[in-house]
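Chains, contacts and geometry: an overview
So the chains spell out like this:
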Amino acid sequence: MTDADLHALTGAYALDALDEREAEDFARHLAHCEACTSEVRELQATAARLAGAVAEVPPPELHQRVMAAIGEVRQRPPRTTVLPLRPRWRPRGLPYLAAAACLALAAVAGGFAVQARHQADQQRSAAAQARQQAVRLTAVMSAPDATLHAGAVKGGGNATVIASRQLNQAALVYHGLPEPAGGKVYELWYSVNESMVPAGLLTPGRSDGTTLLSGGPRGAAAVGVTIEPAGGSPKPTTDPILLLPVSA
Amino acid sequence: MRVVASGEQSPASGPGALESLLERVAQGDQEAFESVYHAVAGSVLGLARRVLRDSAQAEEVAQEVLIDIWRTASRFDPARGSAMTWMLTLAHRRAVDRVRSAQASANREHRTALRENTPAFDEVSEQVEHRLEREQVRRCLESLTEIQREAVTVAYYRGRTYRETADLLGVALGTIKTRMRDGLIRLRDCLGVAA
Ligand SMILES: [Zn+2]
């Protein structure tokens, strides 16, 4: 095949539509063709979006099987022994983020199982809502532009804000929040041009969880949390106990 | 109210959240893997189901892919693309390998059956709850010409080679390669994808 013929194969290669031999030939071509390499990179990222568009909620058994298996499976060492010099990024909030997000999603999945047994319409719509919430959380966490900011909450607990401007959606993962006194609630806010826009309430009586914020982070500089009277308020009545940026 | 920088913040600048998680997975961090799982399992399973058209096989392949992500996380190179792309490319290849090896033992009848069953994106997306992403992708697929759209979706969601796709759509081989490329390029521009 001539080079010109090979250049035309970027699309088919990104779609895994070459047969084995052609794919090997093309991979060799990629090693010395910068134009094709960068085009393939973009087209593979595009194809991956086609996968995102058919995402579904995986059954809890898949999670159990995979998590059980990784305890047994040995990982491959890195291909090279040269360590990269770039600084390692280690957010303080992450260890609990994993556990909290997992618990939240497991609770959602468990909710389906229970609700599937009853057939009441009301319950079905609640399950559908929970399902959609879980899918959106997954989408935010996996968004290519997702940013992640963690911080300690004044008064106790930790929280992480995950935000995607592309999806215009943000999620808060929280852990160890004390119950506010006097029936008060935690309210979420977007900080937009120095004013605070309400973004929903945390479910009362839960110290750990994951929640999607209502509204979107586009145009917002930060996400804040305040303690407000039961039912929430249209404007903050107290100082924020947490304020985290939503940009990169 | 002003936004004040507090010393407790940990900005995720540089690599994205998923890239950082994958880096920790490569060090054997199971909690990081847990987050990666939740970010990607839905797409991996949905994709395997489109390609394999069989629930049991789709779950098997999804499980293999997810374990493979754990096993080979150290091979992920952020200089060559995003973590999500790396994982979903792995998933697509695995599903395609499976469908092609099944196909190698099948015959012409199988191909005839396929021809009667060419997927439309409508059918593909019906059961999807991933609304925002689905709608954007659907809108962008609609901006493609019919041949571009069919070339891309038959190859990707059905795991067909370009030869089979050309055969299915009744288009010349040279044309189908070009349609796959310019279809994906148009899709890339519409979705605003950067590598
Ligand atoms: Zn080239």
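Throughout this description, residue numbers start from 1 for each chain and increase along the sequence as written. The order in which chains are written sets their letters, starting at A; the order in which ligands are written sets their numbers, starting at 1. With pLDDT at 70 or above as the cut-off, local features in this predicted model cover only qualifying residues; side-chain atom pairs require 80 or more to be listed or tallied, and sums for whole chains, interfaces and linings still use all residues. Hydrogens and water molecules were not included; the side-chain quantities draw on all heavy atoms of the structure.

1. Looking at the overall build of chain B
- Helix and strand content of chain B: 10 helices and 0 strands.
- Helix and strand definitions follow DSSP, with helices as H or I runs of at least four residues and strands as E runs of at least two, each counted in order from the N terminus. Of the regular secondary structure in chain B, the N- to C-terminal order runs α-α-α-α-α-α-α-α-α-α.
- Under the scheme applied here, a residue whose accessible area is under 20% of the maximum for its type counts as buried, over 50% as exposed, and between as partly exposed, the area being computed with a 1.4 Å probe on protein chains only. Among the 195 residues that make up chain B, the fraction classed as buried is 54%.
- In this description, contact between two residues means that some pair of their heavy atoms is separated by no more than 4.5 Å. Of all intrachain contacts in chain B linking residues separated by at least 6 positions in sequence, the fraction that spans at least 24 positions is 66%.
- Note that accessible areas follow from Shrake-Rupley with a 1.4 Å probe, and for residues the cover is restricted to the protein chains shown. In the form shown here, chain B has an accessible surface area of approximately 8,400 Å², with 45% of it arising from carbon and sulfur atoms.

2. Quick notes on the state of the cysteines
Residues and elements named next belong to chain B.
- What counts as a disulfide here is a pair of cysteine sulfur atoms lying within 2.5 Å. Under the definition given, this model contains 1 disulfide over all chains.
- Note that cysteine 140 is cross-linked by a disulfide to cysteine 190, the S-S spacing being 2.0 Å. When the S-S torsion is -75°, as for the bridge of cysteine 140 with cysteine 190, the disulfide is left-handed. On the criterion of sequence distance, the pair formed by cysteine 140 in helix H7 (residues 131–142) and cysteine 190 in helix H10 (residues 173–191) is long-range, its members being 50 residues apart.
- Exposure remark for cysteine 140: the relative accessible area of 0% places this residue in the buried category.
- In this structure cysteine 190 comes out as partly exposed when scored by relative accessible area, which is 31%.

3. Here we look at the coordination of the zinc ion
Residues and elements named next belong to chain A.
- Bound to the zinc ion are the protein donor atoms His7 (ND1), His29 (NE2), Cys33 (SG) and Cys36 (SG), situated 2.0 to 2.3 Å from the metal.
- Note that water is not among the atoms used; donors are N, O and S atoms within 2.8 Å of the metal (3.2 Å for Na, K and Ca), so sites may look incomplete. Along the chain, the residues that donate to the zinc ion are spaced as H-x21-H-x3-C-x2-C.
- Judged by relative accessible area, which is 10%, cysteine 33 ranks as buried.

4. Some remarks on the sheet that holds strand E6 (residues 209–212) of chain A
Residue and element names in this part refer to chain A.
- Here we have 4 strands laid out as an open sheet, ordered E1-E2-E3-E6, and antiparallel in their pairing. Every other strand in the sheet has two partners, leaving strand E1 (147–152) and E6 as the edge strands with one partner each. Ignoring which end each strand starts from, the neighbouring axes of this sheet average 15° apart.
- The criterion for strand pairing is that DSSP finds at least two bridges linking the strands in question. Sheet topology note: the strand E2 (residues 158–164)/strand E3 (residues 169–175) ladder contains 7 bridges and is antiparallel. Pairing of alanine 163 across the sheet is with alanine 170, part of E3. Simply put, an axis is a line fit to the C-alpha atoms, just over the touching stretch for a helix, and the angle between two N-to-C directions goes from 0 to 180 degrees.

5. Comments concerning the side chain of threonine 72 of chain B
- For threonine 72 of chain B, the location among the structural elements is in helix H3 (residues 55–72).
- Residue class for threonine 72 of chain B comes out buried when judged on its relative accessible area of 7%.
- When residues no more than four places from it in sequence are discounted, the contact partners of threonine 72 of chain B are Arg76 of chain A together with Trp86 of chain B.

6. Some details on the pattern of salt bridges
- Should a side-chain nitrogen of Lys or Arg be within 4 Å of a carboxyl oxygen of Asp or Glu, the pair is scored as a salt bridge. Evaluation of the coordinates by the stated rule reveals 18 salt bridges over all chains.
- Residue arginine 163 of chain B pairs with aspartate 19 of chain A through a salt bridge whose shortest N-O separation is 3.1 Å. One end of the pair, arginine 163 of chain B, is in helix H9 (residues 162–169); the other, aspartate 19 of chain A, is in the loop between helix H2 (10–14) and helix H3 (20–31), on a second chain.
- By relative accessible area, arginine 163 of chain B is classed as partly exposed at 38%.
- Here glutamate 56 of chain A ties to arginine 49 of chain B by a salt bridge, and the two come within 2.6 Å at their closest N and O atoms. On the criterion of chain membership, the pair formed by glutamate 56 of chain A in the loop between helix H4 (34–52) and helix H5 (60–70) and arginine 49 of chain B in helix H2 (residues 30–52) is interchain, its members lying in two chains.

7. Focus on the confidence of the model for chain A
Residues and elements named next belong to chain A.
- For every residue, the predictor reports its confidence as pLDDT, a number between 0 and 100. Across chain A, the average pLDDT comes to 78, with 74% of residues at 70 or higher.
- Mean pLDDT values over the elements of chain A span from 42, in helix H6 (residues 94–117), up to 98, in H2.
- With pLDDT under 50 throughout, residues 81–119 is counted as low confidence; its partners more than four residues away or in other chains account for 62 contacts.

8. Let's talk about the nonpolar core
- Nine residue types can take part in a nonpolar core, namely buried Ala, Val, Leu, Ile, Met, Phe, Trp, Tyr and Cys, and a core is a set of them joined through side-chain atoms within 4.5 Å. Among the nonpolar cores identified, the biggest contains 83 residues, and Leu22 and Ile69 of chain B are the most heavily contacted of them.
- Tallying contributions element by element places H2 of chain B first for this core, with 13 residues.
- Non-local contacts of leucine 22 of chain B, meaning those with residues more than four positions away in its chain, are made with Val36, Ile69, Ala73, Phe76, Ala83, Trp86 and Met87 of chain B.
- Leu202, Leu213, Ala220 and Val246 of chain A belong to the second largest nonpolar core, which has 21 residues in total.

9. Quick notes on the packing of aromatic side chains
Residues and elements named next belong to chain B.
- Any pair of Phe, Tyr and Trp rings, taking the six-membered ring for Trp, is counted once the centres come within 6.5 Å. Such a pair is stacked with planes under 30 degrees apart, edge-to-face with planes over 60 apart, and tilted for the rest. For the structure shown, the criterion picks out 4 aromatic pairs over all chains.
- Relative to tryptophan 70, the ring of phenylalanine 33 lies with its centre 5.7 Å away and its plane at 75°, an arrangement referred to as edge-to-face. With phenylalanine 33 in helix H2 and tryptophan 70 in helix H3, the pair connects residues that are 37 residues apart, well separated along the chain.
- We classify phenylalanine 33 as buried; its relative accessible area is 1%.

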